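What follows is the residue order along each chain.
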Amino acid sequence: MLRVGAPHAAFAAMSTAFDSAAFRKALGSFATGVTIITCRGADGKPLGLTVNSFNSVSLNPPLVLWSLAHNSLSLAAFRAARYFAVHVLAADQEELSVRFARRGADKFAGLALETGIGELPLLTGCSARFQCRSAYQYEGGDHIIFLGEVLSFDRSDAPPLVFHGGRYAHATRRDPPGVRPRRSWLAGSFGEDFLGYLLGRSHFRFFAQIREFLRAEQLGDEEFYVLSTLTLKPLTSEEELKIGLAGVLDGEATRTLARLTERGYVRVAPVTAEDPGIFYELTDAGRACALRLISAAKAVEENVLEQLGAGEAPALKSLLNRLLAVIDPASGALWGNERERRP
Ligand SMILES: Cc1cc2nc3c(=O)[nH]c(=O)nc-3n(C[C@H](O)[C@H](O)[C@H](O)COP(=O)(O)O)c2cc1C
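Residues numbered from 1 in each chain as written. Predicted model: local features only at pLDDT ≥ 70, side-chain atom pairs only at ≥ 80, totals over all residues. Heavy atoms only, no water.

## Considerations on the sheet that holds strand β16 (residues 279-282)
Part 1 of the reasoning: Pairing is antiparallel across the open sheet formed by 3 strands, whose spatial order is β14-β16-β15. The two strands at the open ends of the sheet, each matched to only one other strand, are β14 (236-237) and β15 (266-268). (Pairing = 2+ DSSP bridges. Helix = DSSP H or I, 4+ residues; strand = E, 2+ residues; numbered from the N terminus.)

Shown next as structure tokens:
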């Protein structure tokens, strides 16, 4: 049966003498996973919200807890529910977390649901799920603490979503203890702790695996750079192409473009009144070749990332994107704001 503990007299007397924003910030130092907790309302409707106050309590008996704000629109339903389900979100479920953190919205619209114990609405694609009997409820200041007895659980290898300092974050494995970046013989010179070495060598080794596909298409590195830059938008201006190839092909761009044009892969788009400048576009043959290369390159990527571990790829990509925003801010112009200009 449900038990509700009375608030302790000492807590009622305590005043919040400190700044609540600073308190929140300090609590945010504690990195957590992110969960969505669901139950079935008395009217049969599924309810749920994003929660990071989830925690394990006991292994035997298997108990977990989480706390729900008094002002939550789901409060009455959770207080009355016999069961609740905890979904530990996977790294790729940030959007779901944002959706379930919106007050009262129709959070389940369009979602594929499974049905659990006592008709519990279960979300899919999570790192872990715990179906619980709602065993105890305790007053906890402006929250109610729910203690659940775990009746059933399942898990996957999907890496978890992390919340830290008020933002979503990545969980990345650290190197095993004792593993240190190797240093070069010449003191203070390039070593495994030098970003240039890590980026450069990674690029060369990665690209070496793509080069065999280029050879089969009788294309060189330069042609690949131009071709792939032209896949970013339907039409690429001269200026955008220059930005895309800056530091990669500066001197060679014009000659490479001419070779690809001769080969029938690229052409200058017809001029229109709105956009009088010079724009390049891929021909059908150029697009087909680019697609073959993209799929080969994606296969190389998949293979490399599989060895790295599923959870590490999003973290690595996010950091590299941030690095590019710092060292190559102009490249942002190559993306988005797509110009449709068809003859
Ligand atoms: C990462 C994250 C963690 C949260 N943790 C909790 C929590 O532990 N308890 C809680 O009551 N609300 C928590 N919230 C806020 C609720 O998800 C939010 O208030 C939601 O709109 C409540 O929905 P409802 O009013 O429809 O029940 C969290 C929000 C986020 C983004």
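## Looking at the confidence of the model for the chain
Part 1 of the reasoning: Mean pLDDT over the chain: 89, with 92% of residues reaching 70 or higher.
Part 2 of the reasoning: Every residue in residues 338-343 scores below 50 in pLDDT, and together they form 19 contacts with partners more than four places removed in sequence or on other chains. (pLDDT = per-residue confidence, 0-100. Contact = heavy atoms within 4.5 Å.)

## Concerning the site of the ligand
Part 1 of the reasoning: Contacts to the ligand come from 20 residues, most closely from Thr50, Ser53, Ser72, Ser74 and Ala101.
Part 2 of the reasoning: A distance of 3.0 Å separates a nitrogen atom of the ligand from a polar atom in the backbone of Asn52.
Part 3 of the reasoning: Contact distances for the ligand include 3.2 Å between an oxygen atom and a backbone N or O atom of Arg103.
Part 4 of the reasoning: Contact with the protein chains covers 83% of the free accessible surface of the ligand, which is 640 Å².
Part 5 of the reasoning: Elements with a minimum of two residues in the shell around the ligand: β4 (46-51) and β6 (63-69). (Near = heavy atom within 4 Å. Polar contact = N/O pair within 3.5 Å; in protein donor to acceptor, adjacent residues only side chain to side chain. Areas by Shrake-Rupley, 256 points an atom, 1.4 Å probe, with all protein chains shown as cover.)

## Side note on the pattern of salt bridges
Part 1 of the reasoning: Applying the stated criterion across every chain yields a total of 12 salt bridges.
Part 2 of the reasoning: Arg129 is the partner of Glu114 in a salt bridge, and the nearest nitrogen-oxygen pair spans 3.0 Å. Here Glu114 is found in strand β8 (residues 114-115), whereas its partner Arg129 is found in strand β10 (residues 128-140), with 15 residues between them in sequence.
Part 3 of the reasoning: Residue class for Glu114 comes out partly exposed when judged on its relative accessible area of 36%.
Part 4 of the reasoning: Residue Arg129 is classed as buried on the basis of its relative accessible area, which comes to 15%.
Part 5 of the reasoning: Here Glu281 makes a salt bridge to Arg267, at a shortest N to O gap of 3.0 Å. Of this pair, Glu281 sits in strand β16 while Arg267 sits in strand β15, placing them 14 residues apart in sequence.
Part 6 of the reasoning: You can call Glu281 buried: its relative accessible area is 1%.
Part 7 of the reasoning: Put simply, Glu114, Arg129 and Asp154 are held in one network by salt bridges that share partners. (Salt bridge = Lys/Arg side-chain N within 4 Å of Asp/Glu carboxyl O. Buried < 20%, exposed > 50% of the residue type's maximum accessible area, 1.4 Å probe, protein only.)

## Focus on the pairing of strand β13 (residues 167-170)
Part 1 of the reasoning: Of the strand pairs in this sheet, strand β12 (residues 161-164) and β13 are connected by 4 bridges, and their pairing is antiparallel. Across the sheet, the residue bridging to Leu161 is His170, located in β13.

## Let's talk about the side chain of Thr236
Part 1 of the reasoning: Residue placement: Thr236 occurs in strand β14.
Part 2 of the reasoning: The exposure class assigned to Thr236 is buried, which follows from its relative accessible area of 2%.
Part 3 of the reasoning: Setting aside residues up to four positions removed in sequence, Thr236 forms contacts with Thr229, Leu230, Leu241, Ile278, Phe279 and Tyr280.

## Digging into the packing of aromatic side chains
Part 1 of the reasoning: For the coordinates displayed, the defined rule picks out 14 aromatic pairs.
Part 2 of the reasoning: Relative to Phe146, the ring of Trp66 lies with its centre 4.9 Å away and its plane at 15°, an arrangement referred to as stacked. Residue Trp66 is located in strand β6, and its partner Phe146 is located in strand β11 (residues 143-155); the two are separated by 80 residues in the primary sequence. No difference in accessibility class separates Trp66 from Phe146, as the two residues are buried.
Part 3 of the reasoning: Ring plane angle 65° and centroid distance 5.3 Å describe the contact between Phe163 and Tyr168, whose orientation is recorded as edge-to-face.
Part 4 of the reasoning: What makes Phe163 partly exposed here is its relative accessible area of 23%.
Part 5 of the reasoning: Taking the relative accessible area as the measure of exposure, Tyr168 reaches 28% and is therefore partly exposed. (Phe/Tyr/Trp six-rings, centres within 6.5 Å; stacked < 30°, edge-to-face > 60°.)

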